[in-house]
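Chain by chain, the residues run as shown.
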Amino acid sequence: MDKSTFISGLNRAFSQNGISRMLTREAGEKFFLMTERLITENEKYNLTAIREPEKIIYLHLVDCALLSPLIPRGVAVVDIGCGAGFPSLPLAILRDDIKITALDATAKRTAYVKETAAMLRLENLTVVTGRAEDIVAGMRESFDIAVSRAVAEMRIMSELALPFVRVGGQLLAMKGNRGKYELSDAKRAIAMLGGRGGECLDIKISAPGEVIEHTVIRVRKETKTPAGYPRAYAQISKKPL
Ligand code: SAH
């Protein structure tokens, strides 16, 4: 991959989406190294179905960058089911004011994220291996913001994520274009888990020749999650709340 072609494509994509202010020279360099590594390691780890640099720029980097304005300054964030580090790696590159914990159940994915973070010297990113419903025991009600992208439908996602969020904090769940339907199905689960309401925010990614529509479901945490949640995964998935 040619570096100057990548950097000019990246600049174009950020400016097309009105977020070029975020993209410092240093962030651009880091996105280049991260993308190069994602492409070379993908064969070994099967990290992403998106393989061409231009698609990575729009569908991974811009998509995750568009979440950044929804995250307040200086907060502690947990990324549940980070996979190859989305949205945690782009957020860690763009936001040195926040602290991010990225977790995933699969050790080869967390190993990949940890090595990438070390290569990029991202001191604001910590990586943890384990299932959300198991590891939460030591981290209940301790993050300002939980984020997740493409992990589970909203009823399940709420049970996995809301226990991590402190009262007054938020869950930001990144979704494709079915967000609205998932949210209406999950209202009851959200209320049972200490969340309030939930709103769908439209995210439009301007890409060459098309506008890709995603949603972010935002849920505010109003009261503590009752001690019985999250349940074991077999129950969460077989009988979503
Ligand atoms: N967020 C990334 C990865 C999505 S794939 C992206 O958008 O590209 C979903 C990931 O969630 C997988 O890596 C899987 O291992 C992880 N996952 C699913 N259920 C989980 C759970 N209960 N706890 C932790 N990780 C989970």
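Structural data are supplied above this passage.
Model, not experiment: these values are computed from the prediction.

**Q** Got a minute to help me understand the overall build of the chain in this structure?
**A** Assigned secondary structure in the chain consists of nine helices and seven strands. A globule of 241 residues ought to have a C-alpha radius of gyration of about 18 Å, and the chain, at 17 Å, matches this closely. With the principal axes as the frame, the chain shows a C-alpha extent of 50 × 35 × 30 Å. Here the chain, with 241 residues, has 55% of them falling under the buried criterion. Pairs at least 24 residues apart make up 70% of the contacts formed inside the chain by residues separated by at least 6 positions. Carbon and sulfur atoms form 49% of the exposed surface of the chain, whose accessible area is close to 11000 Å².

**Q** How should the nonpolar core be read in this particular structure?
**A** What tends to happen in soluble globular proteins is that the nonpolar side chains get buried as a cluster. In terms of nonpolar packing, the biggest core is built from 53 residues, with Phe 31, Leu 61, Ile 71 and Leu 125 touching the most fellow members. Considering every element that reaches this core, the biggest residue donor is helix α3 (residues 53-65), with seven residues. Counting residues in hydrophobic clusters, the runner-up holds 31 residues, among them Ile 156, Leu 183, Ala 189 and Ile 236.

**Q** I tried to follow the pairing of strand β3 (residues 125-129) on my own but got confused; where do I start?
**A** Remark: a regular strand shows side chains that alternate across the two faces of the sheet. Two strands pair when backbone bridges link them, and strand β2 (residues 99-104) and β3 are joined in this way by five bridges, in the parallel orientation. Note that in β3 the partner of Leu 103 across the bridge is Val 128. In the classification by handedness, the crossover that spans β2, the intervening helix α5 (residues 107-119) and the parallel β3 is right-handed.

**Q** How should I be thinking about unusual backbone geometry in this particular structure?
**A** Trans peptide bonds make up most of the peptide bonds, and negative phi angles are found at most residues other than glycine. A cis amide bond links Phe 86 with the next residue in sequence, Pro 87, at an omega value of 10°. You can see Pro 87 is positioned in the loop between β1 (76-80) and α4 (88-94). The step from Tyr 229 to Pro 230 runs through a cis peptide bond, and the omega angle for that step is 0°. Relative to the helices and strands, Pro 230 resides in the loop between β7 (210-221) and α9 (233-238). Non-glycine residue Glu 141 carries a positive phi angle of around 50°. With respect to the helices and strands, the residue Glu 141 is situated in the loop between α6 (132-135) and β4 (143-149). When its relative accessible area of 17% is taken as the criterion, Glu 141 is described as buried.

Criteria and thresholds
- Residues numbered from 1 in each chain as written.
- Predicted model: local features only at pLDDT ≥ 70, side-chain atom pairs only at ≥ 80, totals over all residues.
- Heavy atoms only, no water.
- Helix = DSSP H or I, 4+ residues; strand = E, 2+ residues; numbered from the N terminus.
- Rg over C-alpha atoms; globule rule 2.2 N^0.38 Å.
- Buried < 20%, exposed > 50% of the residue type's maximum accessible area, 1.4 Å probe, protein only.
- Contact = heavy atoms within 4.5 Å.
- Areas by Shrake-Rupley, 256 points an atom, 1.4 Å probe, with all protein chains shown as cover.
- Core = buried A, V, L, I, M, F, W, Y, C linked by side-chain atoms within 4.5 Å.
- Pairing = 2+ DSSP bridges.
- Right-handed = clockwise from strand over helix to strand, strands pointing away.

Without other data, these values stay purely geometric and don't point to any function.
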